[in-house]
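So you can see what is in the structure, the chains are spelled out below.
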Amino acid sequence: MSHSHHHGCGCHHSHHPDAPKTKAWKRIAGAGLLVALLVAAASLVQVRSGESLIITRFGNPVRVLLNPGLAWRLPAPFEMATAVDLRLRTTSSGLQDVGTRDGLRIIVQSYAVWQVDNTPQHVQRFMRAVQNQPDEAARQIRAYLGSALETTASGFSLAQLVNTDSQQVQLNQFESHLQAQISQPLLESYGIRLVQVGTERLTLPAVTLNATVDRMRAERETIATERTAEGKRAAAEIRSAAERDARIVEAQAQVQAADIEAQSQVQAAEIYGKAYASSPQLYSLLRQLDALSGVVNSSTRLVLRTDAAPFHLLVEGPKLDKTHE
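Calculation rules
- Residues numbered from 1 in each chain as written.
- Predicted model: local features only at pLDDT ≥ 70, side-chain atom pairs only at ≥ 80, totals over all residues.
- Heavy atoms only, no water.
- Phe/Tyr/Trp six-rings, centres within 6.5 Å; stacked < 30°, edge-to-face > 60°.
- Helix = DSSP H or I, 4+ residues; strand = E, 2+ residues; numbered from the N terminus.
- Buried < 20%, exposed > 50% of the residue type's maximum accessible area, 1.4 Å probe, protein only.
- Axes fitted to C-alpha atoms, helices over the stretch in contact; angles between N-to-C directions.
- Left-handed = near helix turned anticlockwise from the far one by under 90°.
- Contact = heavy atoms within 4.5 Å.
- Nonpolar A, V, L, I, M, F, W, Y, C, P; charged D, E, K, R; others polar.
- Core = buried A, V, L, I, M, F, W, Y, C linked by side-chain atoms within 4.5 Å.

Draft legend 1. A look at the packing of aromatic side chains. Tallying each qualifying case throughout the model produces 3 aromatic pairs. A ring pair is formed by Trp114 and Phe126, whose centres lie 6.5 Å apart and whose planes are at 40°; its orientation type is tilted. Separated by 12 residues along the polypeptide, Trp114 in strand E8 (residues 105-116) and Phe126 in helix H3 (residues 120-130) bring together distant segments of the chain. Like Phe126, Trp114 is buried. A ring pair is formed by Phe156 and Phe174, whose centres lie 5.6 Å apart and whose planes are at 75°; its orientation type is edge-to-face. Of this pair, Phe156 sits in the loop between helix H4 (134-153) and helix H5 (158-161) while Phe174 is found in helix H6 (residues 171-190), placing the two residues 18 residues apart along the sequence. When sorted by exposure, Phe156 lands in the same class as Phe174, which is buried.

Draft legend 2. Geometry of the packing of H4 against H6. Viewed as axis vectors pointing N to C, H4 and H6 meet at an angle of 140°, and their least axial separation amounts to 9 Å. Here H4 runs over H6; the crossing is right-handed. Residue-level contacts link Gln140, Ile141, Tyr144, Leu145, Ala148, Leu149, Thr151, Thr152 and Ala153 of H4 to Phe174, His177, Leu178, Gln181, Ile182, Pro185, Leu186, Ser189 and Tyr190 of H6. Among the residues making up the contact of H4 with H6, the classes are represented as 12 nonpolar, 6 polar and no charged.

Draft legend 3. Just the nonpolar core, in detail. Counting residues in each nonpolar core, the largest one holds 34 residues, and the members touching the most others are Trp114, Phe126 and Ile192. Those elements giving two or more residues to this core turn out to be E8, H3, H4, H5, H6 and strand E9 (192-203). It is H4 that provides the largest number of residues to this core, a total of 7 residues. Formed by 6 residues, the second largest nonpolar core is a distinct cluster that contains Val45, Val47, Ile55 and Ala71.

And the structure:
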């Protein structure tokens, strides 16, 4: 009995030492798995839409992640990830007093729409130049805009920027010149891509406003003077043409009158000749009466000899040819 009890006891002690080893291995495996998961979690980074990640190894950039999604890196502190915002931003130059080509002053305010250029080298350039600070980048853009406004405005006259005639306004060209002037420097120095530059406000100082009004008045007066001169010139041409036509008509009428008078004199001479040929005494009488009627009218008083021609007719009466009677 005592033998069997001893045998049973021996069997029990022979299996007991394996159980703690198994549990230990399980704990080690679990811990290892947990560490592996933690390392994996620490090595995974997520690139969100609208941003890029710069991976730095001990402070030095090694790569730039641009595509949205998950990516691997060495866990901290070996590699760190810094997010750079790629979304559109805006900034304004504020009111700037600048001079035009014709020496007048204008007050202009421009805005810029910008973003960090979506290429690895430009993202790194942005990080280096402004330490990934959008406010500092906006300050640099405003400085560029301010100086560019001065030089760009000097290439345009006031009438090309402020005018009641929309055909003469070249504001689009002004904005294009402004953008072209600062786009390349911003990209090369800061990795900033300038999407759009526009004019937010454009006004005139009091001095320029008065000068503009005077210029517009002078232009209107010049136009009025030109039109008045044109009217006077046209009137003079019409008057000259009318006088010339009148002289021509008058000359033609005088020629026609002379012709008619000459013809009438010829006809009268013919009639007189025929009358004289047919009755010389009657012709002589009629001529004397014509002469008398030309000298005497109803208010004429004459004291003359009655025996003098042609007044003897008033006393004696006409002497008619006896044969003709």
